[in-house]
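Examining the three-dimensional arrangement
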Amino acid sequence: MNNKGNAWALLPLLVFIVVYVSSAIIAKDFYAVSVIVPFLAAALVALIMNRKVKFEDKIEIFCKGAGNTNIILMVLIFILAGAFAQVAKSMGAVDSTVNLGLSILPSNIMIAGLFIIACFISLSVGTSMGTIVALVPIAVGVAEKTGIVVALAVASVVCGAMFGDNLSMISDTTIAATRTQGCEMKDKFKMNFKIVLPAAIITALIFVLVTRGAEVTTVEALDYSLVKIVPYIAVIIGALAGLNVIVVLQGGIIIAGAIGFISGSFDLLGFFGAIADGIGGMSELIIISLLIAGTIEIIKANGGIDFIINKGLRGFKSKMGAEFGIAALVSLVDICTANNTVAIVTVGPIAKDISDEVGLEPKRVAGIMDMFSCVFQGIIPYGAQLISAAGLAALSPFAIMKYLFYPYLMGISAVIAIIVYNKRKTKQVENKKIKMVS
């Protein structure tokens, strides 16, 4: 394979965009066609490309990507998440949790409250996926009871999930970023926190403003059972305790099922039916995940990722240029791989070389890679975070994207931070030179 990479290897991504946008324009509705169709088209193009490689070998490469351990683990999580969400809903956990929340907090700050709770949970557990699984069903319930747009409620959870994914000490992205740059986690955390905190505060205020007219639309009394809230509490506590997400979800299904039997919400057949319905509801998400993973593996084998990396190595004439170059590089790789940890691990060694050559601070490079990879991971419609949230809420990922205030603001904050920091450093150097001359 050519080390310089191959721009044509990125063609499947262009095909996805063209097919999706074209079908939306023809149907005059961006949600009229399932995203499986454009993803399937992209996968077929990837398999047809590169005649130098036998079709059977390309199929093997595709299957290798789709069968990657991380992908299969993600699919298993989707299956269990769907089962847990439906069993909990059938048992009455969603209604009880939402009604309790509305009884305690005014409905017009519930969405901001969900965002803050998601921030805390994701920061504690270091996983955006675990946060989304635990809170999206509650967000959907809040939306139904308050008349708030469901996509907005779900977006508040995704926003909070990406806050912790970027900052948490036990997040894969934090570990990967600090290890590749050889800096302390606490140093990277302090730098990142100062940059993203304003974005988080503004996001919370935006959620308050856009939902200020929300009122409970149901006329019946807001009845709730504290016992039926236990499955969600158990999932959150298990996640905070650092238990494996598979164990947490299995435990959640068992607890929700037991409470459902005791309360008479369903019998054994109803319990099994809820599990089947929940898994069935995640089928589209699972298919998309497999298509994406296989397609990306072929793009990588054809030199698409190498092309992006080599393009990103050119033209660094200043520290600010180098920092923006690293930001663009990790962003592009994340867009192509739909995995922010993989993007950081891929770009990390190259960013380290650039850092050493130009003289950048390791904690800044680690922070920049983490922030920008999380920005795009939080907004790409085919990323695990958005497609899992969309699957749990029975929405299109594109319906959620316009409400993802935090990732957009985090990106803006990161860009401003790079400019301000480098201009300040340049000014300090100039002042030192002036003092030395005088």
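Residues numbered from 1 in each chain as written. Predicted model: local features only at pLDDT ≥ 70, side-chain atom pairs only at ≥ 80, totals over all residues. Heavy atoms only, no water.

Quick notes on the nonpolar core
Here is the rule we go by: By nonpolar core we mean a set of buried residues, namely Ala, Val, Leu, Ile, Met, Phe, Trp, Tyr and Cys, connected to one another through side-chain atoms within 4.5 Å. Exposure categories follow from relative accessible area, calculated using a 1.4 Å probe and restricted to protein chains: below 20% of the type maximum is buried, above 50% is exposed, and the middle band is partly exposed. Every helix listed is a DSSP run of H or I at least four residues long, and every strand listed is a run of E at least two residues long, numbered separately from the N terminus. Note that the domain bounds were set by an automatic or database domain assignment. Contacts were defined at the residue level, with two residues in contact if any of their heavy atoms lie within 4.5 Å.
Grouped together as the largest cluster of nonpolar side chains are 136 residues, with contacts concentrated most on Val136, Ile400, Leu404 and Tyr406. A per-element tally of this core places helix H4 (residues 69–91) first, with 13 residues. Summarising the domain contributions, this core has at least three residues from each of domain 1 (72–282) and domain 2 (305–437). Residues in contact with valine 136, not counting those within four places in the same chain, are Val154, Val157, Ala389, Leu392 and Ala393.

Some thoughts on helix H9 (residues 172–181)
Along H9, the residues that are buried comprise Thr173, Thr174, Ala176, Ala177, Thr178 and Gln181. Following H9 by one or two positions, glycine 182 has its phi on the positive side, about 70°.

Some points on the domain arrangement of the protein chain
What counts, and what does not: Using a 1.4 Å probe, buried area is obtained as the accessible area two parts lose upon being combined, added over both of them. Here a salt bridge means any side-chain nitrogen of Lys or Arg lying within 4 Å of a carboxyl oxygen belonging to Asp or Glu. Under this grouping Gly is polar, as are all residues other than the nonpolar Ala, Val, Leu, Ile, Met, Phe, Trp, Tyr, Cys and Pro and the charged Asp, Glu, Lys and Arg.
Parsing the protein chain into structural domains produces domain 1 (72–282) and domain 2 (305–437). A separation of 27 Å is found between the C-alpha centroids of domain 1 and domain 2. Between domain 1 and domain 2, the residue contacts involve 47 residues of the former and 42 residues of the latter. When residues of domain 1 are sorted by the area they lose upon contact with domain 2, Met162, Gln181 and Ile195 head the list and together hold 19% of the total. Across the contact surface, domain 1 and domain 2 share one salt bridge. A salt bridge links aspartate 370 to lysine 188; its shortest N-O distance comes to 2.4 Å. At the level of secondary structure, the elements contributing two or more residues to the side of domain 1 that touches domain 2 comprise H4, helix H7 (128–146), helix H8 (150–167), H9 and helix H10 (185–210). Among the elements that make up the side of domain 1 that touches domain 2, the one with the highest residue count is H10 (12 residues). Here the side of domain 1 that touches domain 2 is composed, by residue class, of 32 nonpolar, 11 polar and four charged.

Structural notes on the side chain of aspartate 334
Short version of the rule: Two residue types count as positive, namely Lys and Arg, and two as negative, namely Asp and Glu; His and chain ends fall outside the count. Each polar contact in these results corresponds to two N or O atoms within 3.5 Å; when the atoms are within protein, one needs to be able to donate a hydrogen and the other to accept it, and residues that are neighboring in sequence are counted only if both atoms are side-chain atoms.
Here aspartate 334 is to be found in helix H16 (residues 319–337). Within the buried set, aspartate 334 has no salt-bridge partner at all; the shortest N-O distance to an opposite charge, 13 Å, is to lysine 300. Engagement of the side chain of aspartate 334 in a polar contact is seen with the backbone nitrogen of asparagine 340, the distance being 3.0 Å. Polar side-chain contacts of aspartate 334 include one of 3.1 Å to the backbone nitrogen of glutamine 377. When residues no more than four places from it in sequence are discounted, the contact partners of aspartate 334 are Asn339, Asn340, Ala343, Ser373, Phe376, Gln377 and Ile380.

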